[in-house]
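Secondary and tertiary structure notes
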Amino acid sequence: MSETFFDGEEKHQPQGFTLDFKRVIARAIRFWYVIVLSLGVALTIAFYQTRYSQRIYPVSASIVLRETQETGGAELLYKNALIDPYRNYLNEPYIIRSYPLIEKVIRDLNFNVSFYREGYFMTTEAYSYIPVTAEWCDSRNTSTGQFVFTLLDENKYTLSGYSDGMSGEKDQIFQLGDSIEFGKAMLCIRRIPERNLNAYIGVPFLLVMRNVRDVAGSYIGRLNVSWAEEGSGVINLSINGTNPEKEIDFLNGLVASYRQLDLDKKNETADRTIEFIRTQLINIKDSLRTVEFQLERFGNSSRIKDMSTEAQRLFTKAEAFEIQKTELLIRQNYYQYLEEYLNENEGNLDQVILPSSIGLSDPVLGTLLSKMIDLQLEIKLYVDPERGRNPLVMSKMERIKEIKRNVIESVMTLKSTDKIKMDFLAKQLKETDRQLSLLPASERQLISVQRNYSLLENLYVFLMQKLSEAGISKASNTSDVIPVNPPMQGGAISPKPTQNYTTATTIGLILPFIVFILFEIMNNKVQSKEDIEKMSSIPFVGGIGHNETGNNLTVKERPKSGVAESFRALRSNLNYFTGNVTKQVFMVSSSISGEGKTFTTINLATVFALSGKRTLIVGADMRRPKIYEDFKRKNETGLSTFLSGISEFKDVVQDTDIENLYLVSGGPVPPNPSELLLTDRFELFVKHGLEQFDFVIIDTPPLALVTDAFVISKFVNHTVFVLRQNYSPKEFVRSIHEYYQSGKLKNMSILLNDIYKSGLGYGYGQGYAYHYGYSYGYGYGRRKKSGNGYYDEG
């Protein structure tokens, strides 16, 4: 038994579109096999992705940067400027990931030449087991290409072209260990003694040669360099790759090259200082030999002790002045070197000799040069040929130019200061020379030679001391880069089976629901009572299940069926509108053909007739009169002949096989149906009907096609508007609601017909499913013909 759907006269506001999740779940339950299929496909894809994807492993290492250089307590060298140059530790991660350093590692390890093994599903690198290694004959060679490499035996192999550029090369046989030329490539393939070669004889490998810059870029993109903690000197290095053995070798090579780079930078400072000092010593040695020769002419240098007291006093005084003059000369030579270096070098300003390296202690000049060195090193990290257009590089270059100007200005200031000192010393020496001129000639000559000798000797000793310091510093240099943890391989981070299967399961379950939701969103047909209530405030009078009999006389032929019970419930619900009194006129209408208004009219009239009420069915569709066919009656007379004045009321009323049920068909099709309904004879027709019958039920044409129903509605007590599940468009519900709100149609209710979807999300119990099944309609127009449980038409 169907439930009562009548909602009384309670008013509510229509709602906009809302997604009915219960209906989505019901669709998912109905099409459970789609979910199972989607889940199976997703898990299959996840299986193959997990099974045949290359494993990616993390490899990590760590190094520490010492902040000071200690040399076993040598006080002379501790904090020496030669071995403790200015260093910005924030630059170190960028230096480690710089192209020059990475390219050097790639060349040293020969990583731009690789062997690959082609499989059925993927191609993998054979680095860890290939028994040979290939190297460029010329490290500067930048050729690229792909070849097919095949071992013939322990000593021979063949090469053949693989890529487009080598496709014309024929197979050639070569000896392992020989330098060969194949196409544009000049390389040497050698055997790796500790690996088994016999297992790979006859196995083809793909030999790939790539550009060093491209390979370096790939490693830079994967290399991660970071400080272990803020403020610490430990740097963590990590890289992910499909070949952990290769990545371990790369990190080992990177650490070794980085250590050597650090040591070379230290030695470079000492080498430049030694070269500068040796240049100065060469000039001094020649002058010193000349003075020594002159001193020998006066005999043993101890003769100076035989000089008078006045002569010794003047000599000591002049010697002190000469020592000061020596220091100023050294400073003057350094300033000259610095000016020439800055003017002649543009891109190698980081190789300048710091003033502290030769004993000059000027904090301003030293700070400026240190900043310039730091900026120059930062610029060298940019290896892009277009780096001159890089705004950051251009900014740093402008700063370097500014620092150079400041350095030159500082040098000019220092030279001016030294000139004042030099002039003062020259004045003092001139006075001393005047006093010496009063001494005997022999003493004057001896003192003059001795002064020159002392000046050159002091200068020579000073430079030799600095030369020794520089040599010892270079010999004691060690790299500040110390390995902490060697490169170590971690577990595979990709693919992740658990994550892949979880993702596949989620997608496999969600995707069908998304499809179901899209179907629900795009479905513009009325599905349930809830759909009607969301779009209209018209009272809902009831629902009729799916007709399985194949004709419209369901109540007559199956009076105990669920459909018959639905019409009895509809009759009871209509009593709420009529006050349970007779002499009522009902109009049954719909929006379009095929919604079941004729089916509803016949069976509703039948239940009234079976209850003992004289009931008249009026087929008001004079354009397509067909209702008489269900009762096997004639259509020679009917509503059209009565309204035309051709027939009288008693002539158009026909009895049926059902007791108390009578019929007035549409009659012959008139040329003007709408105009006939507007005549006074239609009102007279309704009056005669109410005089002779308890109920008059009028079957009208669809509202969306003609306006006949609006004309007839003025003469009826109640209008039943029929909608069909999964057939009637929702837009028509809104249109009917507008008619109802505007008063064009009054005293109406909505009936939902042909309910074959029931259960969760459709607002109907399982009784409908039991009685009416789950057959689907065909949208607009006709459904399948009788015999399969479908309507022929409205």
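Anything mentioned here points back to the structure above.
Considering the overall build of the chain
Within the chain one finds 23 helices and 21 strands. Per-residue burial for the chain yields a buried fraction of 47% across its 794 residues. A fraction of 77% describes how many contacts in the chain between residues 6 or more apart in sequence connect residues 24 or more apart. Of the roughly 39,300 Å² that the chain leaves accessible, carbon and sulfur atoms contribute 52%.

Focus: the packing of helix α2 (residues 32–52) against helix α11 (residues 497–522)
Look at α2 against α11: their axes get within 8 Å of each other, and the N-to-C directions meet at 150 degrees. The angle between the axes of α2 and α11 places the two elements in the roughly antiparallel class. Note on packing geometry: the crossing formed by α2 with α11 is right-handed. Residues Val34, Ile35, Ser38, Leu39, Ala42, Leu43, Ala46, Phe47, Gln49 and Thr50 of α2 form the contact with α11, whose own contacting residues are Pro497, Asn500, Tyr501, Ala504, Thr505, Ile507, Gly508, Leu509, Leu511, Pro512, Phe513 and Phe516. Among the residues making up the contact of α2 with α11, the classes are represented as 16 nonpolar, 6 polar and no charged.

Brief notes about the sheet that holds strand β2 (residues 113–118)
Reading across the sheet, the 6 strands line up as β3-β2-β10-β5-β6-β7 and stay open at both edges, with antiparallel pairing between neighbours. Edge strands, defined here as strands with exactly one partner in the open sheet, are β3 (123–125) and β7 (172–175). With direction set aside, neighbouring strand axes in the sheet form an average angle of 35 degrees.

With respect to the side chain of Glu595
Checked against the element boundaries, Glu595 lands in the loop between β15 (584–590) and α15 (597–610). A polar contact is formed between the side chain of Glu595 and the backbone nitrogen of Ser591, at a distance of 2.8 Å.

Here we look at the pairing of strand β5 (residues 145–151)
Both faces of the sheet carry side chains from a regular strand, because those side chains alternate between them. Buried residues dominate β5, accounting for 5 of its 7 residues. Bridging between β5 and strand β10 (residues 204–209) involves 6 bridges; their strand directions are antiparallel. Residue Phe147 lies in a different strand from β10, and its bridge partner there is Leu207. As judged from the 5 bridges shared by β5 and strand β6 (residues 156–161), these two strands associate in the antiparallel manner. The residue bridging Phe147 from the neighbouring strand is Gly161, located in β6. Counting the residues between successive antiparallel strands, the hairpin from β5 to β6 contains 4 residues.

Here's the deal with α15
In this model, α15 (14 residues) spans 20 Å end to end at C-alpha, consistent with the 20 Å of a helix rising 1.5 Å per residue. Taking burial as the measure, the 14 residues of α15 include 13 buried ones, the bulk of the element. Positive phi shows up at Gly612, right after α15, with a value of about 95 degrees.

Quick look at the packing of aromatic side chains
How two aromatic rings sit relative to each other is set out by the distance from centre to centre and by the angle between their planes. Enumeration over the complete set of coordinates arrives at 28 aromatic pairs. When the ring of Phe586 is compared with that of Phe608, the centres are 5.9 Å apart and the planes differ by 20 degrees; the resulting orientation is stacked. Linking Phe586 in strand β15 with Phe608 in helix α15, this pair joins segments that are 22 residues apart in sequence. Residue class for Phe608 comes out buried when judged on its relative accessible area of 2%. Following the ring pairs from residue to residue traces out a cluster consisting of Phe115, Phe147, Phe149, Tyr157, Phe174 and Phe182. Over the ring of Phe642 we find Arg681, and its NZ or CZ is 4.2 Å from the ring centre.

Some thoughts on the pattern of salt bridges
Under the defined criterion, the tally for this structure stands at 20 salt bridges. A salt bridge links Glu125 to Lys246, with the shortest nitrogen-to-oxygen separation between them at 2.6 Å. Highlighted residues: Glu125 in strand β3 and Lys246 in helix α6 (residues 244–297), separated in sequence by 121 residues. Like Lys246, Glu125 is buried. Asp418 is paired through a salt bridge with Arg331; the nearest N and O atoms lie 3.0 Å apart. Of this pair, Asp418 sits in helix α9 (residues 391–436) while Arg331 sits in helix α7 (residues 309–344), placing them 87 residues apart in sequence. Connected via shared salt-bridge partners are Arg23, Arg27, Glu520 and Asp531.

Details of the sheet that holds strand β18 (residues 661–664)
Remark on secondary structure: sheet strands pair via backbone hydrogen bonds, oriented parallel or antiparallel. Spatially, 8 strands are ordered β14-β21-β20-β15-β19-β16-β18-β17 in an open sheet, and the strand pairing comes out mixed. The open sheet has two free edges, formed respectively by β14 (540–545) and β17 (654–655), since each of these has just one partner strand. The strands touched by α15 within the sheet are β14, β15, β16 (615–619), β18, β19 (695–699), β20 (718–724) and β21 (748–755), with β19 carrying the most contacts at an inclination of about 170 degrees.

Brief notes about the packing of helix α1 (residues 21–30) against α2
Here α1 crosses α2 at 75 degrees, and the two axes come no closer than 4 Å. On the basis of their axis angle, the class for α1 and α2 is roughly perpendicular. The residues of α2 that touch α1, namely those facing Ala28, Ile29 and Arg30, are Trp32, Tyr33 and Ile35. Residues belonging to the contact of α1 with α2 are distributed by class as follows: 5 nonpolar, no polar and 1 charged.

A look at α2
Taking 1.5 Å of rise per residue, the 21 residues of α2 would be expected to cover 30 Å, and the 30 Å separating its terminal C-alpha atoms lies within 8% of that figure. Listed in full, the buried residues belonging to α2 are Ile35, Ser38, Ala42, Ala46 and Thr50. All buried residues of α2 lie within an arc of 100 degrees about the axis, which places them on one face of the element. Exposed positions of α2 whose direction lies more than 90 degrees from the buried face are Val36 and Leu37.

Notes on the nonpolar core
With 41 residues, the main nonpolar core has Leu639, Leu643, Phe682, Phe685, Ile698, Ile712 and Leu723 as its most contacted residues. Aside from chain neighbours lying at most four places away, what touches Ile698 is Val585, Phe586, Met587, Val588, Val618, Ala620, Phe682, Ile712 and Val716. Core analysis: the next-biggest nonpolar cluster, separate from the first, contains 35 residues, Tyr334, Leu349, Ile373 and Val407 among them.

Overview of the pairing of β18
Of the strand pairs in this sheet, β16 and β18 are connected by 4 bridges, and their pairing is parallel. Within β18, the position partnered with Leu616 by the bridge is Tyr662. Pairing analysis gives 2 bridges linking β17 to β18, with the strands arranged antiparallel. Note on β18: the bridge partner recorded for Gln654 is Leu663.

Remarks on the environment of Thr600
Relative to the assigned elements, Thr600 resides in helix α15. A relative accessible area of 0% places Thr600 in the buried class. Taking the C-alpha atoms as reference points, Thr600 and Ser589, 11 residues apart in sequence, are found 9.4 Å from one another. Sequence-distant contacts of Thr600, that is, excluding residues within four places in its chain, are made with Phe567, Leu570, Val588, Val722, Leu751 and Asn753.

Parameters and conventions
Residues numbered from 1 in each chain as written. Predicted model: local features only at pLDDT ≥ 70, side-chain atom pairs only at ≥ 80, totals over all residues. Heavy atoms only, no water. Helix = DSSP H or I, 4+ residues; strand = E, 2+ residues; numbered from the N terminus. Buried < 20%, exposed > 50% of the residue type's maximum accessible area, 1.4 Å probe, protein only. Contact = heavy atoms within 4.5 Å. Areas by Shrake-Rupley, 256 points an atom, 1.4 Å probe, with all protein chains shown as cover. Axes fitted to C-alpha atoms, helices over the stretch in contact; angles between N-to-C directions. Parallel < 35°, antiparallel > 145°, perpendicular 65-115°, else oblique. Left-handed = near helix turned anticlockwise from the far one by under 90°. Nonpolar A, V, L, I, M, F, W, Y, C, P; charged D, E, K, R; others polar. Pairing = 2+ DSSP bridges. Polar contact = N/O pair within 3.5 Å; in protein donor to acceptor, adjacent residues only side chain to side chain. Expected span 1.5 Å × (residues − 1). Phe/Tyr/Trp six-rings, centres within 6.5 Å; stacked < 30°, edge-to-face > 60°. Lys NZ or Arg CZ within 6 Å of the ring centre and 35° of its normal. Salt bridge = Lys/Arg side-chain N within 4 Å of Asp/Glu carboxyl O. Arc of directions from axis to C-beta. Core = buried A, V, L, I, M, F, W, Y, C linked by side-chain atoms within 4.5 Å.

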